[in-house]
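Coordinate analysis (summary)
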Amino acid sequence: MKRIDKNALLKTDFHTHSNFSPDSKASMETMVVEAINRKITDLAFTDHVDLDADLEVHGLDWDFDRSNYEKSINELNGTYGEKIRIYQGIEIGIQPHLAKANTAIIQESAFDFVIGSVHSVERRDLYHRKFFDSHSDKEAVRIYFEEMYESVKSFDALSVLGHLDLYKRYKPELGKIKLNEYQEIVEEIFKHLIQNGKGIEINSGGHRYGLDQNNPSDQLLKLYKEMNGEVITLGSDAHGPEFLAYKYEENIEKIKAMGFKYICTFNKMKPIFHKI
Ligand SMILES: [Zn+2]
Ligand SMILES: [Zn+2]
C-alpha cells in the first residue's frame, strides 16, 4: 500500500553528509539551517559507513559515532521540527563479502533510510583508480556491475541503490561505453530491486565532478522506468551546505517528462510516495 502525502510544496534532499562523515566538515546544524533557507521540507542525513574501506587512500578515521548521530538528529528535530523533517539515514558501502556485517549494522539501529553504495570494487576504492588501471574499460564496467549485483542480492536492508554509475565520476572516459555492453546486468539489478520493493536514487553530485549528468544517467533512468521502477529518491550528495538540493527542481521536471509520477521519502524504512 502506498501512503500518499499531499504536501504540494515538498522539497527533498535524501543524500547529504555532515561532519559525522570523515570527508565533510559541515555541522548538522549548518546543513539544517541552510536546508530551511532553501525551503527543503524533508532532509535525510546519510553519513558514511564503509566497512573494510580502502583506508590508506583517504587517511581518514572512518569510525561512525552511531549514538551521537542519533542524538544530534533527535535534537535538531526538536529545535527545527516545525520547519523541516529530518531523517536518520545512512550511506553504507556495499561489497559482496560485507553483506552480513552491513545487515547487522542496520538491524541494530533505528534508521529511516539506507542508501547502499558501491564505493569499492575488488576491494579497491574507486576513488584512487587502481581498480580501473588493472582492467580494460569494458571489463572494468562489467566487473563493477557484476559486483554491484552480487552486493544487492545479498543485502536486503537497503532502501535505494546509490549513484548507480558512480564509476564515471572517477573515470569519465568510461561514459563512452555504450549501454548495450552492460544493459543485461543492469536489468538484472533493476529487476531484483523492483521485485523486492527497493529503489534507486537520482544523485546530482556528479555535476560537481564535471559530469554532464546525474548518477544514474538519463538513459539508465529511462530503462528503470520502462521496467516499471517506481521507487526514486532525489539527493545532492552534498558534503556541505552550498550544494543542498542541487538541481532539485530541474530533476523533478526531468523525471516528470520521463513519466515518473512519484518521488519517495522514507520514514522508519518505509517508502512514502509523493505525487510530483
Ligand atoms: Zn557515495
Ligand atoms: Zn554520499
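Residues numbered from 1 in each chain as written. Chains lettered and ligands numbered in written order. Predicted model: local features only at pLDDT ≥ 70, side-chain atom pairs only at ≥ 80, totals over all residues. Heavy atoms only, no water.

Protein-derived coordination of the zinc ion (ligand 1) comes from Glu91 (OE), His119 (NE2) and His163 (NE2), at a distance range of 2.1 to 2.2 Å. Written as a sequence motif, the donor arrangement for the zinc ion (ligand 1) is E-x27-H-x43-H. Taken as a pair, the zinc ion (ligand 1) and the zinc ion (ligand 2) lie 3.5 Å from each other and share Glu91 as a ligand. Linking Glu91 in strand 4 (residues 85–93) with His163 in the loop between strand 8 (160–161) and helix 6 (167–170), this pair joins segments that are 72 residues apart in sequence. Taken as a pair, Glu91 and His163 share a single burial class, namely buried. (Donors = N, O, S within 2.8 Å, 3.2 Å for Na, K, Ca; no water. Helix = DSSP H or I, 4+ residues; strand = E, 2+ residues; numbered from the N terminus. Buried < 20%, exposed > 50% of the residue type's maximum accessible area, 1.4 Å probe, protein only.)

Phe45, Ile106, Tyr144, Phe145, Met148, Leu161 and Tyr182 are the most contacted members of the largest nonpolar core, which has 82 residues in total. Sorting elements by how many residues they give to this core places helix 5 (residues 137–154) first, with eight residues. If we skip the residues at most four places from it in the chain, Phe145 touches Leu164, Tyr167, Tyr182, Ile185, Val186 and Ile189. (Core = buried A, V, L, I, M, F, W, Y, C linked by side-chain atoms within 4.5 Å. Contact = heavy atoms within 4.5 Å.)

Taken N-terminus to C-terminus, the directions of helix 8 (residues 218–226) and helix 9 (residues 248–258) make an angle of 45°; their axes are 10 Å apart at the nearest point. One element, helix 8, and the other, helix 9, form an angle in the oblique class. Helix-helix and strand crossings are classified by hand; for helix 8 and helix 9 the assignment is right-handed. Contact residues: Asp218, Leu221, Lys222 and Lys225 in helix 8; Lys254, Ile255 and Met258 in helix 9. (Axes fitted to C-alpha atoms, helices over the stretch in contact; angles between N-to-C directions. Parallel < 35°, antiparallel > 145°, perpendicular 65-115°, else oblique. Left-handed = near helix turned anticlockwise from the far one by under 90°.)

Attention now goes to helix 2 (residues 66–80). Here helix 2 spans 21 Å end to end across 15 residues, near enough to the 21 Å set by a 1.5 Å rise per residue. Buried within helix 2 we find Arg66, Tyr69, Ser72, Ile73, Leu76 and Tyr80. Angularly, the buried residues of helix 2 cover 125° about the axis, an arc narrow enough to put them on a single face. Exposed side chains of helix 2 directed beyond 90 degrees from the buried face belong to Ser67, Gly78 and Thr79. (Expected span 1.5 Å × (residues − 1). Arc of directions from axis to C-beta.)

Turning to unusual backbone geometry, a few remarks are in order. Residue Pro216 is bonded to the preceding Asn215 through a cis peptide linkage, with omega at 5°. In this fold, Pro216 is placed in the loop between strand 9 (199–203) and helix 8. A positive phi angle, close to 50°, is found at Lys268, a residue other than glycine. By relative accessible area, Lys268 is classed as exposed at 64%.

With that settled, consider the pairing of strand 3 (residues 42–49). Counting buried positions along strand 3 yields eight of eight residues, so the element is predominantly enclosed. The two faces of strand 3 match: Asp42, Ala44, Thr46 and His48 on one face and Leu43, Phe45, Asp47 and Val49 on the other face are all buried. In this fold, the crossover linking strand 2 (residues 12–16) to strand 3 by way of helix 1 (residues 28–37) has right-handed handedness. Note that strand 3 and strand 4 share eight bridges and pair parallel. By the bridge assignment, Asp42 is partnered in strand 4 with Arg85. (Right-handed = clockwise from strand over helix to strand, strands pointing away. Pairing = 2+ DSSP bridges.)

We now examine the coordination of the zinc ion (ligand 2). Coordination of the zinc ion (ligand 2) by the protein is provided by His15 (NE2), His17 (NE2), Glu91 (OE) and Asp237 (OD), with metal-donor distances spanning 2.1 to 2.2 Å. In primary sequence terms, the donor set of the zinc ion (ligand 2) follows H-x1-H-x73-E-x145-D.

Along the polypeptide, Tyr209 turns up in the loop between strand 9 and helix 8. Those residues in contact with Tyr209 that lie beyond four places of it in its chain are Arg169 and Tyr170.

We now examine the pattern of salt bridges. The final tally for this structure, using the stated rule, is 16 salt bridges. Residue Arg123 pairs with Asp52 through a salt bridge whose shortest N-O separation is 3.0 Å. Of this pair, Arg123 sits in the loop between strand 6 (120–121) and strand 7 (124–125) while Asp52 sits in the loop between strand 3 and helix 2, and the two are 71 residues apart along the sequence. By relative accessible area, Arg123 is classed as exposed at 52%. (Salt bridge = Lys/Arg side-chain N within 4 Å of Asp/Glu carboxyl O.)

Among the structural elements, Asn215 can be located in the loop between strand 9 and helix 8. A polar contact is formed between the side chain of Asn215 and the side chain of Asp165, at a distance of 2.9 Å. Asn215 has contacts with His163, Leu164, Asp165, Leu166, Arg169, Glu201, Ile202, Asn203 and Gly206, leaving out every residue within four places of it along the chain. (Polar contact = N/O pair within 3.5 Å; in protein donor to acceptor, adjacent residues only side chain to side chain.)

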